[in-house]
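# Examination of the molecular architecture
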Amino acid sequence: MSALLFDTFTGRLRLEGLLTTRTALHIGAGGGGDPLATDLPVVRDGAGRPYIPGSSLKGVLRSAAEALFHGAPFADRSPRPSLSACRIMAGLPCVTHQRVEEVRKEKDLENRTRKEAGVPLLDVGREVAETVWAESCSVCRLFGSLELASRVRFPDLPLAGDLPPLELRNGVGIDRDKGLAANGVLYDFEAVPPGIPFRLTVVLDNPDDADAGLLLYLFHELDQGNLALGGKSSRGLGLVQVQWESIVETRIREENPFAELLSRRDLLKPAEKTETPVAEAAGPKLPATGDPAAWQTLADLILELKEADKSFLGQKASERGLTKANLNERLGLGLGERKAGKPWDFIVERLAGCGFLVERHGKWIPAVLAATEERKTEAPSGRPALVLQEVIDRFVGALGRRWEEAC
Ligand SMILES: [Zn+2]
C-alpha cells in the first residue's frame, strides 16, 4: 500500500493522443465548464489560440467516476469497498481535515509513550499519510482531495493544428439563480467547431492497474459520447473523440537501480516477435537435392515474381539457364522421363515441403512475403488496434477483478 503513496515514486504511466471535437465545443473563458456559464468567448491561450483547460477535463472525468461509484451496484457495497466514491462536492469528503488532526494527535501521543519506554519513534508524517490513503475512496486516491495529492495530471490541451475559424452561436440567456430562460434575453457565444484536434496528455504517477483501468474507462465513456466537455452540453455540445497514440509505462527497476534507473515501455508498441529471418527462409531451407545454386536461382526468381506461377516460371527460368531439359537433373528431382516433361508441379511441391512456399488464396507465394503481408493486415496504420485492446484488457481487466474482489 505504501508504495502507492505520493511521497514514494515507483513509476509513471504517460498517455498521449488526440482529443478531437465531434460537436461544437464551448469552454467559456470565465469558468471550467459550468453548464450555465454565459461567458461569450471561448478560453484562449496567450497567443489567442483556443485550448481545453486540463482542469475542465479532469473535472468531467472525476464527476463521472463519482457518479459511477454512487450508482448501483457500487452504492450498496460494504462500508469501505475498494471501489467507492465520497461526496466531496457536497462537503462530505472521505477523510476530513478533522480526522487528519485526530490521527496526528494519536500518533504524537503514541510517540510520547514510546519515548518513555525507549522504543524507536514513529514517523508521524508517514503514519498520517498512510492512514489518509487507507481511509480515502477510490476517486480521491486517483484524483486527489484536500488531504491527498492527485496522482493524475491533466496538462492543458493545446490545439493540435492550425487555428480554426470559430463559430458564433445563438443562445438563450439563462437566469443563473433559477436555471430558467431569462425573459427575452438572447446572446451569442463562441464555440470551437467539430473536427478540431487538441493534443491530449495524461500523466499518472505510481500507477495501479485498476486505477489506470478506471481512467481508460472514463476516457472511453468520453469517446462514446456519454460525457461532454465544457458548457451547453444539454444542447449536444462538447462531444469529443479520443485516440491514443502512445501509452508509455516507466517503472523503477528494483533489482538494479544504478544500471538502469528507469525502464520505459511503449504499451502500444507490439511486442517484438521472434521471426524466421528472411535469409534463412530463402537460403538454407531450400531442398537439399541437386545443385544448391540452381535452387537458389529459382528461389530468387520466385521472390522477384512474388509468386510461383507455374506457366510463367517455365519461361522465366529458361532465361536464367534452367530449361525444361536440364531442370530434372540440376535440381535433383529424380523424375522419370514421362514426368520430367512437366516438372513444375514437383518443384512447387518440393518448395512447399521445405517451407519456402506457402499457399495463400489459391496461389503459391514465398513464405517470407506472406509473413510481411500478414503483418501489414494486422497493422493498417501505425498503431494496431489489437495492441490497444491488449492495453485496455490489462487495465480495465484489473478494474474488473477489483470489482469482483469487492463483491
Ligand atoms: Zn473521497
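Predicted model only: the values in this text are computed from it and were never measured.

## Quick word on the coordination of the zinc ion
Distances from the zinc ion to its protein donors, Cys 86 (SG), Cys 94 (SG), Cys 137 (SG) and Cys 140 (SG), fall at 2.2 to 2.4 Å. Given four donor atoms and angles of 104 to 114° at the metal, the environment of the zinc ion is assigned as tetrahedral. One chain supplies every donor for the zinc ion, spaced along it as C-x7-C-x42-C-x2-C. Here Cys 140 lies in helix H4 (residues 138-143) and Cys 86 lies in the loop between helix H1 (54-70) and helix H2 (97-117), a separation of 54 residues in the sequence.

## Focus on the pattern of salt bridges
One pass over the structure, following the stated rule, counts 21 salt bridges. Here Asp 205 ties to Arg 12 by a salt bridge, and the two come within 2.7 Å at their closest N and O atoms. Linking Asp 205 in strand S5 (residues 197-205) with Arg 12 in strand S1 (residues 11-21), this pair joins segments that are 193 residues apart in sequence. By relative accessible area, Asp 205 is classed as buried at 16%. Arg 12 sits in the partly exposed class, given a relative accessible area of 31%. Between Asp 223 and Arg 22 there is a salt bridge, and its shortest N-O distance comes to 3.3 Å. Of the two residues, Asp 223 sits in helix H5 (residues 209-223) while Arg 22 sits in the loop between S1 and H1, which places them 201 residues apart along the sequence. Using a relative accessible area of 17% as the deciding quantity, one classes Asp 223 as buried. Bridged by salt links that share partners, the residues Arg 151, Asp 208, Asp 211 and Arg 402 form one connected network.

## Here we look at empty space enclosed by the protein
Enumeration according to the criterion identifies one cavity of 30 Å³ or more in this entry. By volume, the largest cavity amounts to about 40 Å³. Forming the walls of the largest cavity are Leu 25, Ile 27, Val 42, Val 43, Pro 50, Tyr 51, Ile 52, Val 192 and Phe 198. Grouping the constituent residues of the lining of the largest cavity by class yields nine nonpolar, no polar and no charged.

## Re helix H11 (residues 344-353)
Along H11, the residues that are buried comprise Trp 344, Ile 347, Val 348 and Leu 351. Along the axis of H11, the buried residues cluster in a sector spanning 95°; they form a single face. Residues of H11 that are exposed and point more than 90 degrees away from the buried face comprise Glu 349 and Gly 353. For H11, the secondary structure elements touched by its buried residues are helix H7 (292-305), helix H8 (310-319), helix H9 (324-330), strand S8 (357-360) and strand S9 (363-366). The first or second residue beyond H11 is Gly 355, which carries a positive phi of 90°.

## A few points about the pairing of S1
Along S1, eight of the 11 residues are buried, which leaves the element largely enclosed by surrounding structure. Bridging between S1 and strand S6 (residues 240-252) involves 11 bridges; their strand directions are antiparallel. Bridged to Thr 21 within S6 is Val 240. Bridge count for S1 against S5 is nine bridges, and the pairing is antiparallel. Within the sheet, the bridge partner assigned to Gly 17 lies in S5 and is Leu 200.

## What about the pairing of S5?
Remember that side chains alternate between the two faces of the sheet whenever the strand is regular. Judged by how many residues are buried, S5 sits mostly within the fold: seven of nine residues are covered. Strand direction decides the pairing type here: strand S2 (residues 152-153) and S5, joined by two bridges, are antiparallel. Bridging across to S5, Arg 153 finds its partner in Val 203.

## Regarding the side chain of Asp 211
Note that Asp 211 resides in helix H5. Within the local environment of Asp 211, its side chain forms a polar contact with the side chain of Arg 151, the two groups lying 2.3 Å apart. In contact with Asp 211, not counting residues within four places along its chain, are Leu 142, Arg 151 and Arg 402.

## As for the packing of H1 against H5
Running from N to C, H1 and H5 cross one another at 105°; their axes reach a closest spacing of 10 Å. One element, H1, and the other, H5, form an angle in the roughly perpendicular class. Each of Leu 57, Leu 61, Ala 64, Ala 65, Leu 68 and Phe 69 in H1 lies in contact with H5, whose residues at this interface are Leu 214, Tyr 217, Leu 218, Phe 219 and Leu 222.

## A few points about the side chain of Thr 21
With respect to the helices and strands, Thr 21 occurs in strand S1. Polar contacts involving the side chain of Thr 21 include one to the main-chain carbonyl oxygen of Pro 193, which spans 2.8 Å. Leave out the neighbours within four places in its chain, and Thr 21 touches Val 192, Pro 193, Pro 194, Gly 195, Ile 196, Phe 198, Leu 239 and Val 240.

Procedures and definitions
Residues numbered from 1 in each chain as written. Predicted model: local features only at pLDDT ≥ 70, side-chain atom pairs only at ≥ 80, totals over all residues. Heavy atoms only, no water. Donors = N, O, S within 2.8 Å, 3.2 Å for Na, K, Ca; no water. Tetrahedral: all angles 85-135°; square planar, octahedral: opposite > 155°, others 65-115°. Helix = DSSP H or I, 4+ residues; strand = E, 2+ residues; numbered from the N terminus. Salt bridge = Lys/Arg side-chain N within 4 Å of Asp/Glu carboxyl O. Buried < 20%, exposed > 50% of the residue type's maximum accessible area, 1.4 Å probe, protein only. 1 Å grid on protein atoms, 1.4 Å probe; cavity = no way out; pocket = protein on both sides within 12 Å on 5 of 7 lines; lining within 4 Å. Points joined across faces, edges and corners; volume = space filled by probe spheres on them. Nonpolar A, V, L, I, M, F, W, Y, C, P; charged D, E, K, R; others polar. Arc of directions from axis to C-beta. Contact = heavy atoms within 4.5 Å. Pairing = 2+ DSSP bridges. Polar contact = N/O pair within 3.5 Å; in protein donor to acceptor, adjacent residues only side chain to side chain. Axes fitted to C-alpha atoms, helices over the stretch in contact; angles between N-to-C directions. Parallel < 35°, antiparallel > 145°, perpendicular 65-115°, else oblique.

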